[in-house]
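Working through the structure, step by step
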Amino acid sequence: MGTVSLGSTAGKWIMVSTILASAMVFIDATALNVVLPSLQKGLKASGPDLFWVLNAYMLMLASLILIGGTLGDQVGRKKVFMAGTFIFILGSAACGFAGTATMLILCRIIQGVGGAFMVPGSLSLISSSIDEHERGKAIGTWSSVTTLVTIGGPVLGGALADAGLWRYIFFINVPIGLLALLFLWKKVRESKEPGDGQGLDFPGAILIALGLASLTFGFLRMPAYGWAHPQVYGTIGAGLLLLVVFIAVEHKSPHPMMPLGLFRNLTFSGVNLLSFFLYAALGASLLFLSLNLVQVQGYSQLESGLTFLPFTALMILLARFAGSLADKYGPRWFLVVGPCVAGLGMLILSFVKQTGGPADYWTTFFPGVLVFGLGMSFTVAPLTATVMGAVSDHLSGTASGVNNAITRIAGVFATAIFGALAVLFFATSLQQRIQSLPLDQRQQQAVMAQVANLGDAMPPPGIATGYHAAIVKAYHEGFISAYGKIMSITACLAFLGGLMSWLFVRSPRVKT
């Protein structure tokens with residue numbers, strides 16, 4: 001299929017269809033952070049259940065996303081994209097009707113399968129269909145809108161949760177997805193690479209899916225069981241071994257699903273390293289900021305979501321503009337400075353202690369959110385355009401799949417690893433704070449047993465009512481201490497991402 005102008009009717013339908021479908025995936029990723037307290041009460045879910053609700057989806061997405069990208073290149077990008085959208089709609093409807101935490105986790109897995117075929121498909125459709133001279137602007141538009149809905153997710157989630165309608169976070173995907181399917185079916189032409197009749201690289205597909213699933217499963221079990229448990233070190237070790245075998249198979253395969261030659265391009269390698277560090281920092285910081293606001297600082301779920309509006313406004317104003325500037329001047333300095341500014345915002349947020357609630361927002365959380373949003377606004381569109389511009393058009397789906405797999409893996413690892421660290425930091429801080437309380441050893445153990453609930457920890461039964469206020473204060477101070485350390489580490493990850501860009505990304509981009 002020949003390329004079309006971004007301003008043409010065909011070009012506009014491609015953008016509308018891909019953005020609509022992608023919006024479902026990205027809004028779910030962040031809206032759930034805010035509705036977790038309502039979801040926990042509605043389904044009587046435990047703390048570990050909540051992490052699985054967040055990560056069951058990411059687990060499948062990370063495991064299958066490379067397969068989704070390669071399938072699109074070979075059998076048709078539109079066809080695979082539509083199949084993924086349909087599966088995602090089914091999974092979303094099932095999530096909305098789920099009556100238990102276990103059922104919701106299973107339905108989130110279905111969503112993840114659909115997302116794995118949608119996310120790389122959207123970018124590869126744009127990259128292969130839009131004229132080369134307007135491709136950066138098109139990808140910048142896609143990046144800015146999808147990142148906008150990602151950050152807008154908490155606002156929508158908070159409003160629905162406060163109204164007792166948290167299930168509509170899932171139901172809202174059904175009309176959006178059906179509309180996207182209609183546009184794709186009627187208005188968008190098929191796109192695939194001619195002569196790719198060799199079929200899927202089945203050994204590579206199986207190895208990468210099992211390897212990523214095993215690795216991410218191990219990290220997800222770590223907060224509950226610790227490093228020494230066989231479920232943790234066994235599955236992580238198996239995952240690493242499978243990934244090593246995958247690389248060996250891809251090296252020898254005549255038609256690899258992930259051509260290792262892509263990584264000989266330093267720009268492609270650099271932006272993927274940046275993606276890993278930056279999106280790990282982004283995922284962890286948004287999760288723990290949301291938990292802090294609702295569980296400790298006294299914000300309602302809607303108020304928590306509204307705190308991200310400055311972030312959203314900056315994305316609207318700057319993301320597409322940054323993509324155009326990166327097209328004109330090259331992406332390198334945007335990808336160096338942007339992550340470092342975002343990291344500075346995370347660092348500022350790490351210093352916020354107990355506040356007086358939403359009334360203190362403008363002098364406490366707002367400065368950090370503003371700087372954080374400014375850094376991300378100048379990073380997202382240039383990063384995505386650089387990934388797609390670093391490879392030849394016939395590898396666009398594969399390149400998108402690789403980059404999206406890396407960002408999703410980063411998100412899963414961040415939630416699992418930072419979840420474990422948060423419990424450790426919280427426990428250490430809480431242990432010091434309850435020493436001064438007149439509690440016997442059994443009572444202290446009962447108080448400490450609540451650390452898995454993080455900021456939602458409550459004084460256990462059997463503690464004298466007179467000590468409840470002191471214990472709640474210890475819980476809040478312990479969580480804020482853990483939150484500050486987590487945000488400091490995420491800031492370091494963002495700075496590390498900027499360093500990767502400085503070392504590896506060059507302008508102008510050179511295609512593989």
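Everything quoted here is computed from the prediction, not taken from an experiment.

The secondary structure content of the protein chain amounts to 19 helices and 0 strands. Its C-alpha radius of gyration of 23 Å places the protein chain within 12% of the 24 Å reference for a compact globule of 512 residues. Its C-alpha atoms give the protein chain principal-axis dimensions of roughly 75 × 45 × 45 Å. The burial tally for the protein chain puts 60% of its 512 residues in the buried class. For the protein chain, long-range pairs separated by at least 24 residues make up 83% of all intrachain contacts whose partners lie at least 6 apart in sequence. For the protein chain, the accessible area works out to roughly 19,300 Å², and carbon and sulfur atoms hold 70% of it. When the 29 basic and 19 acidic side-chain charges of the protein chain are each reduced to a single mean position, those positions are 1 Å apart.

Turning to the packing of helix α10 (residues 266-296) against helix α15 (residues 366-377), a few remarks are in order. How two helices sit against one another is set out by the angle between their axes and by the gap between those axes. The geometry of α10 relative to α15 is characterised by a closest axis approach of 13 Å and an angle of 150° between their N-to-C directions. As judged from the angle between their axes, α10 and α15 are roughly antiparallel. As for how α10 packs across α15, the hand of that crossing is left-handed. Seen from α10, the contacting residues are L278, L282, S285, L286 and L289; seen from α15, they are V369, F372 and M376. Across the contact of α10 with α15, the residue classes tally to 7 nonpolar, 1 polar and no charged.

A word on the pattern of salt bridges. With the rule as written, the count across this model stands at 2 salt bridges. E477 is the salt-bridge partner of R433, the closest N and O atoms lying 3.1 Å from each other. With R433 in helix α17 (residues 396-434) and E477 in helix α19 (residues 468-504), this pair connects stretches of sequence that are 44 residues apart. Take R433: its relative accessible area is 30%, and that puts it in the partly exposed class. According to the relative accessible area criterion, E477 is partly exposed, its value standing at 34%. Across the salt bridge formed by K473 and E477, the nearest N and O atoms sit 4.0 Å from each other.

Let's shift gears to the side chain of S92. Tracing the backbone through its elements, the reader meets S92 in helix α3 (residues 77-97). A distance of 3.1 Å separates polar atoms of two side chains, one belonging to S92 and the other to N173. For S92, the residues in contact, after removing those within four places along its chain, are Q111, F170 and N173.

What follows covers the confidence of the model for the protein chain. Of the residues in the protein chain, 93% reach a pLDDT of 70 or more, and the chain-wide mean stands at 84. Of all helices and strands in the protein chain, the one with the weakest mean pLDDT is helix α5 (residues 135-162) (76), whereas helix α13 (residues 332-350) scores best (96).

We now examine the packing of aromatic side chains. What the rule picks out here adds up to 14 aromatic pairs. On the numbers, 5.1 Å between centres and 70° between planes, the contact of F311 with F372 is edge-to-face. Taken together, the residues span a long stretch of sequence, with F311 in helix α12 (residues 309-329) and F372 in helix α15 at a distance of 61 residues. You'll find F311 and F372 in the same group, each marked buried.

For the rest of this paragraph, the subject is the environment of D327. Relative to the elements of secondary structure, D327 occurs in helix α12. Between the alpha carbons of D327 and H133 there is a distance of 9.2 Å; along the sequence they are 194 residues apart.

With that settled, the discussion passes to empty space enclosed by the protein. Under the counting rule described, the total for this entry stands at 2 cavities of 30 Å³ or more. Looking at the largest cavity, its volume works out to about 580 Å³. Taken together, 33 residues form the lining of the largest cavity, with A29, T150, Y279, L282 and R408 sitting closest to its centre. Of all elements in the fold, only α1 (9-43), α2 (47-75), α4 (101-129), α5, α10, α16 (380-389) and α17 reach the threshold of two or more residues within the lining of the largest cavity. Taken together, the residues of the lining of the largest cavity sort by class into 16 nonpolar, 14 polar and 3 charged.

Right, let's talk about a nonpolar patch on the surface for a bit. Side chains of W333, V337, L496, L499, W502 and L503 sit close together on the surface and give an oily, nonpolar patch of about 550 Å² of accessible area. Mapped onto the nonpolar patch, the elements with two or more residues apiece are α13 and α19. Counting through the fold element by element, L499 comes out in helix α19.

Position of F334 among the secondary structure elements: in helix α13. For F334, a relative accessible area of 16% corresponds to the buried category. In the structure, F334 is positioned 11 residues away from G323 in sequence and 9.3 Å away in space, judged by C-alpha atoms.

This part takes up the nonpolar core. In terms of nonpolar packing, the biggest core is built from 157 residues, with F288, F365, F372 and L430 touching the most fellow members. With sequence-adjacent residues up to four places away left out, L430 is seen in contact with V447, M448, V451, A474 and Y475.

In this model, the largest pocket occupies a volume close to 490 Å³. Taken together, the elements giving at least two residues each to the lining of the largest pocket come down to α8 (202-225), α9 (230-252), α10 and α17. Broken down by class, the residue content of the lining of the largest pocket amounts to 19 nonpolar, 2 polar and no charged.

Residue placement: G121 occurs in helix α4. Sequence separation between G121 and K78 is 43 residues; the distance between their C-alpha atoms is 7.4 Å.

What follows is about the packing of α12 against α15. Across the interface, α12 lies against α15 with an axial gap of 8 Å and an inter-helix angle of 20°. The angle between the axes of α12 and α15 places the two elements in the roughly parallel class. Both α12 and α15 take part in a crossing whose hand is right-handed. Contacts between α12 and α15 involve P310, F311, L314, M315, L318, A319 and A322 from the former and F366, V369, L370, F372, G373, L374, M376 and S377 from the latter. Looking at side-chain class alone, the contact of α12 with α15 contains 13 nonpolar, 2 polar and no charged residues.

Conventions and cut-offs
Residues numbered from 1 in each chain as written. Predicted model: local features only at pLDDT ≥ 70, side-chain atom pairs only at ≥ 80, totals over all residues. Heavy atoms only, no water. Helix = DSSP H or I, 4+ residues; strand = E, 2+ residues; numbered from the N terminus. Rg over C-alpha atoms; globule rule 2.2 N^0.38 Å. Buried < 20%, exposed > 50% of the residue type's maximum accessible area, 1.4 Å probe, protein only. Contact = heavy atoms within 4.5 Å. Areas by Shrake-Rupley, 256 points an atom, 1.4 Å probe, with all protein chains shown as cover. Lys, Arg positive; Asp, Glu negative; His and termini not counted. Charge placed at Lys NZ, Arg CZ, Asp CG, Glu CD. Axes fitted to C-alpha atoms, helices over the stretch in contact; angles between N-to-C directions. Parallel < 35°, antiparallel > 145°, perpendicular 65-115°, else oblique. Left-handed = near helix turned anticlockwise from the far one by under 90°. Nonpolar A, V, L, I, M, F, W, Y, C, P; charged D, E, K, R; others polar. Salt bridge = Lys/Arg side-chain N within 4 Å of Asp/Glu carboxyl O. Polar contact = N/O pair within 3.5 Å; in protein donor to acceptor, adjacent residues only side chain to side chain. pLDDT = per-residue confidence, 0-100. Phe/Tyr/Trp six-rings, centres within 6.5 Å; stacked < 30°, edge-to-face > 60°. 1 Å grid on protein atoms, 1.4 Å probe; cavity = no way out; pocket = protein on both sides within 12 Å on 5 of 7 lines; lining within 4 Å. Points joined across faces, edges and corners; volume = space filled by probe spheres on them. Patch = residues over 30% accessible without salt bridge, like charges linked within 9 Å, V, L, I, M, F, W, Y side chains within 5 Å. Core = buried A, V, L, I, M, F, W, Y, C linked by side-chain atoms within 4.5 Å.

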